[in-house]
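Residues per chain are reported as follows:
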Amino acid sequence: MTAARVHVARDHEAASRAAAEEFVRQIADRSRNATTFVALSGGSTPKRMYQMLAGDEFRPMVTWGQVHFFWSDERPVPPTDPDSNYRMASEALLQPLGIAPGQIHRMRGEDLDLPAAARAYEEEMARAFGVQWKSHPPRFDLVLLGLGADGHTASLFPRTVALQERRHWVVANPVPQLRTTRLTMTYPVLNAARCVLFLVTGRDKAEAVARVFSPTGAVEEVPARGVCPHDGELVWFLDEAAARRLDG
């Protein structure tokens, strides 16, 4: 896999702070001079990081009016649902920052036709980036990702069809093991990013972390191994509990 910078912090709070500092390092300068594109992750892990970014210390460091926010994946729920990735990020980050609606590009997980919602999201990405759909994937300045205990990232789950996608930027990915379908960005977009930042904490993630960094292993079984930016940075922030199975 692509060589990664790996940072191990004492606990979830310290890992969240280190990830927030990296977030600012990656986009602060660019946001002062150009439109900046970020893909957010959901789940519970990044919530504290988002709260820090919206707080008094980090908030002044970024020109937030220049940052456009997308999501790496979404569950099939409306934006008001407690399980919505959009809702968590909105409440913890976007609302406190006062981000304008035109800078927010959420996935429509509530739509009954999820493949159509995936196509619509691709078209929205193309418009925002000023590129043609079916051209080279847009290049995000920063993509934030997490890691599931089963090795999934975004909604790229083990042994699911989206792992084989090489053309589309976003797909509706059936996840039989969860009896659901989720919207997710695909490897072509994730691996085109200038920087991919993983934030992973907790003892329940230790086995998955070890499998990601093992010298052997299949992407089909550990999808996070497939995130390998072609011409960008790959940075992992772990707490000691998540890193406990790593050598060295």
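Going along each chain's sequence as written, the residues are numbered from 1 onward. For a predicted model such as this one, the threshold for reporting local features is a pLDDT of at least 70, and the threshold for listing and counting side-chain atom pairs is 80 or more; totals across whole chains, interfaces and linings nevertheless cover every residue. Side-chain measures here rest on the full set of heavy atoms in the structure, leaving out hydrogens and waters.

(A) Seen up close, the sheet that holds strand β6 (residues 170-175). A pair of strands is treated as paired once DSSP finds two or more bridges between them. Counting from the N terminus, the helices are the DSSP runs of H or I reaching at least four residues and the strands are the DSSP runs of E reaching at least two. In space, the three strands of this open sheet follow the order β4-β7-β6, with antiparallel pairing throughout. For this open sheet the edge positions go to β4 (73-74) and β6, each flanked by a neighbour on one side alone. Pairing geometry for β6 and strand β7 (residues 180-185), over six bridges, is antiparallel. Bridge assignment links A172 to a residue of β7, and that residue is L183. Helix α4 (residues 114-129) rests against β6 and β7 of the sheet, and its axis sits at about 150 degrees to β6. Contacts are residue-level and defined by heavy atoms, with any inter-residue pair within 4.5 Å sufficient. Fitting a line to C-alpha atoms yields each axis, with helices limited to the stretch in contact; the angle taken between N-to-C directions then spans 0 to 180 degrees.

(B) Quick peek at the pairing of strand β2 (residues 36-40). Note on classification: 1.4 Å probe, protein chains only; a residue is buried when its accessible area is under 20% of the maximum for its type, exposed when over 50%, partly exposed between these limits. Across the five residues of β2, five count as buried, placing the element largely inside the fold. Of the two faces of β2, the one lined by T36, V38 and L40 and the one lined by F37 and A39 are each fully buried. Both β2 and strand β3 (residues 67-71) contribute to a ladder of five bridges, which runs parallel. Paired with L40 across the bridge in β3 is W71. We call a crossover right-handed when, viewed with both strands directed away from the observer, the connection leading from the first strand over the helix to the second proceeds clockwise. In the classification by handedness, the crossover that spans β2, the intervening helix α2 (residues 47-53) and the parallel β3 is right-handed. In the sheet, β2 pairs with strand β5 (residues 142-145) via two bridges, with the strands oriented parallel. Paired with V38 across the strands is L142, a residue of β5.

(C) Region of the structure containing the sheet that holds strand β1 (residues 5-9). An order of β1-β9-β8-β5-β2-β3 is seen for the six strands of this open sheet, with the pairing classed as parallel. Both edges of this open sheet fall to β1 and β3, since each of them pairs with a single strand only. Each strand axis lies, on average, 15 degrees off the axis of its neighbour in the sheet, ignoring direction. The sheet contacts of helix α3 (residues 85-97) involve β2 and β3, and relative to β3 the element is tilted by about 150 degrees.

(D) Main features of the side chain of S90. Turning to its location among the elements, S90 is positioned in helix α3. Ignoring sequence-local partners within four residues, the contact set of S90 consists of Q95 and P96.

(E) Representation of the pattern of salt bridges. Any carboxyl oxygen of Asp or Glu within 4 Å of a side-chain nitrogen of Lys or Arg constitutes a salt bridge here. Taken as a whole and judged by the stated rule, the model has 19 salt bridges. For D11, the salt bridge is made with R10, and the minimal N-O distance between the two is 3.4 Å. Among the residues examined, D11 registers a relative accessible area of 29% and is labelled partly exposed. In this structure R10 comes out as exposed when scored by relative accessible area, which is 58%. When the shortest N-O distance is used, the salt bridge between R159 and E221 registers 2.7 Å. Placement of the pair is R159 in the loop between β5 and β6 and E221 in the loop between α6 (206-213) and β9 (233-239), with a sequence separation of 62 residues. Among the residues examined, R159 registers a relative accessible area of 53% and is labelled exposed. Here the salt bridges do not stand alone but share partners, grouping R5, E22, R25 and E233 into one network.

Everything listed here is a matter of coordinates, which is why it stays silent on function.
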